[in-house]
Amino acid sequence: MERVLVSACLLGRPIRYGGGDERSGAVAILERWQREGRLVPVCPEVAVGFPTPRPPAEIRLTAETGRSPGDDVLAGRARVIEATGADVTDLYRRAAHDTATLARRHGCRHAILTDGSPSCGSTFVHDGTFTGASAALRRAGILVWPQGRIAGSDARLRHGAPDPS
Ligand code: SF4
């Protein structure tokens, strides 16, 4: 059975930076995946030791930043800064690498990640580009889907539907 990496907050875990969850409305699909043993839940930030709640953070773009700030963070060309002013770039980078390692260990070729997060965002994070964990997963050859496209991912898993981008 092909496994799928999923942002844990989409499964109802209260781990978002403000202490809430991001429970997905695609309940039937996620419950079926759970029964099938497909789910590999992960929170890249909590996994590397960020507390909940935690200050919001964003990727700071620079003159060197290219089309993918997530790749720039991984390459050291952009920083991740908390609202407190703390530079948490190194921890975010570790979170991205650890998430890609987890996905590979479980043989995941698909990931469903929460949009709008500096770690998990894949279609919009202030500037419409990939972020830390999403960029690392893409580099590892894993298809990253935002939570609004779970049905598309399910179709791809079962019938070979088109890629997310
Ligand atoms: S890092 Fe990802 S999994 Fe963790 S709370 Fe944020 S969006 Fe959800």
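Everything here concerns the structure above.
Residues numbered from 1 in each chain as written. Predicted model: local features only at pLDDT ≥ 70, side-chain atom pairs only at ≥ 80, totals over all residues.

**Q** Lay out the packing of helix α4 (residues 89-105) against helix α5 (residues 132-139) with the relevant residues and their values.
**A** Helix-helix packing is described using two parameters, namely the angle between the two axes and the distance between the axes. Close contact between α4 and α5 brings their axes to 8 Å; oriented N to C, the two are set at 40°. Between α4 and α5, the angle falls in the class oblique. Like other packed secondary-structure pairs, α4 and α5 cross with a definite hand, here right-handed. Mapping the contact onto sequence places Y92, A95, A96, H97, T99, A100 and A103 in α4 and G132, A133, A135, A136 and L137 in α5. (Axes fitted to C-alpha atoms, helices over the stretch in contact; angles between N-to-C directions. Helix = DSSP H or I, 4+ residues; strand = E, 2+ residues; numbered from the N terminus. Parallel < 35°, antiparallel > 145°, perpendicular 65-115°, else oblique. Left-handed = near helix turned anticlockwise from the far one by under 90°. Contact = placed C-beta atoms within 7 Å.)

**Q** Tell me about the nonpolar core, and please be specific about residues and values.
**A** Counting residues in hydrophobic clusters, the biggest one holds 36 residues, and the most contacted among them are A96, A111, I112 and L137. Every element with two or more residues in this core is listed here: β1 (4-7), α1 (27-36), β3 (57-60), α3 (69-75), α4, β5 (110-113), α5 and β6 (143-146). Looking at which element gives the most residues to this core, the answer is α4, with five residues. (Core = buried A, V, L, I, M, F, W, Y, C linked by C-beta atoms within 7 Å. Buried ≥ 20, exposed ≤ 12 C-beta atoms within 10 Å, placed from the backbone.)

**Q** Got a sec to walk through the site of the ligand? Specific residues and values, please.
**A** The environment of the ligand is formed by 14 residues, the closest being C9, C43, T114, S117 and C120. Here the shell around the ligand takes three residues from helix α2 (residues 44-47), the largest share from any one element. Across the shell around the ligand, the residue classes tally to seven nonpolar, four polar and three charged. (Near = placed C-beta within 6 Å. Nonpolar A, V, L, I, M, F, W, Y, C, P; charged D, E, K, R; others polar.)

It is worth stressing that arrangement in space is one thing and function is another; only the former is reported here.
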